[in-house]
Amino acid sequence: MDLNLMGITGDVGVGAVVGFIIGYALKKFMKIVMALIGAYVLSLFWLQQKGVITINTDALFNLTKQAAQTTLSLADKAIGILPGSTAFIAGFYLGFKKG
């Protein structure tokens with residue numbers, strides 16, 4: 001029986017690197033979306049303070065909550081379709097933590 005360790009380590013390395021890149025990118029994407037939602041809400045409150053608009057705060061907070069939940073559910077869906085190798089998961093975790 002011939003065991004090819006070079007092929008195994010190559011696959012593990014690629015899975016870990018791809019997992020790291022995807023985890024890092026996903027966390028950066030989520031941060032950008034959350035920052036945009038926050039900037040939008042702050043701009044609305046600034047316009048209300050200046051007297052330009054009137055805000056129904058209950059409806060606004062429901063809208064922002066829904067947008068945040070949609071972003072998080074998108075992240076859950078992305079995680080659900082990704083491969084499940086141990087190296088990929090470890091790389092994904094490290095990338096997500098680093099991002």
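Everything here concerns the structure above.
Cut-off values and rules
- Residues numbered from 1 in each chain as written.
- Predicted model: local features only at pLDDT ≥ 70, side-chain atom pairs only at ≥ 80, totals over all residues.
- Heavy atoms only, no water.
- Patch = residues over 30% accessible without salt bridge, like charges linked within 9 Å, V, L, I, M, F, W, Y side chains within 5 Å.
- Areas by Shrake-Rupley, 256 points an atom, 1.4 Å probe, with all protein chains shown as cover.
- Salt bridge = Lys/Arg side-chain N within 4 Å of Asp/Glu carboxyl O.
- Helix = DSSP H or I, 4+ residues; strand = E, 2+ residues; numbered from the N terminus.
- Buried < 20%, exposed > 50% of the residue type's maximum accessible area, 1.4 Å probe, protein only.
- Contact = heavy atoms within 4.5 Å.
- Phe/Tyr/Trp six-rings, centres within 6.5 Å; stacked < 30°, edge-to-face > 60°.
- Lys NZ or Arg CZ within 6 Å of the ring centre and 35° of its normal.

A. Representation of a nonpolar patch on the surface in the model. The grouping of Val17, Phe20, Ile21, Tyr24, Tyr93 and Leu94 at the surface amounts to a nonpolar patch, some 590 Å² of accessible area in total. For the nonpolar patch, the elements supplying multiple residues, two or more each, are helix H1 (5-49) and helix H3 (86-98). Counting residues per element, the nonpolar patch draws most heavily on H1, which supplies four residues. Along the polypeptide, Leu94 turns up in helix H3. By relative accessible area, which is 49% here, Leu94 ends up partly exposed.

B. Fine view of the environment of Gly23. The residue Gly23 is located in helix H1 in this model. Take Gly23: its relative accessible area is 0%, and that puts it in the buried class. Along the chain, Gly23 and Lys97 lie 74 residues apart, while their C-alpha atoms are 7.9 Å from each other.

C. Highlighting the side chain of Thr64. Tracing the sequence through the fold places Thr64 in helix H2 (residues 57-81). Take Thr64: its relative accessible area is 14%, and that puts it in the buried class. Not counting residues within four places of it along the chain, the set of residues in contact with Thr64 comprises Ile37 and Val41.

D. Representation of the packing of aromatic side chains. All told, the structure shown has four aromatic pairs when counted by the stated rule. Taking the centre distance of 6.2 Å and the plane angle of 20 degrees together, the rings of Phe20 and Tyr24 count as stacked. Of this pair, Phe20 and Tyr24 are both found in helix H1, four residues apart, which corresponds to roughly one turn of the helix. Ring centres 6.3 Å apart and planes at 25 degrees place the aromatic pair Phe88 and Phe92 in the stacked group. Of this pair, Phe88 and Phe92 both sit in helix H3, separated by four residues, roughly a single helical turn. Neither residue differs from the other here; Phe88 and Phe92 are each classed as buried. Taken together, the ring pairs connect Phe88, Phe92 and Phe96 into an aromatic cluster. If you follow Lys27 out to its NZ or CZ, it ends over the ring of Phe96, 5.5 Å from the centre.

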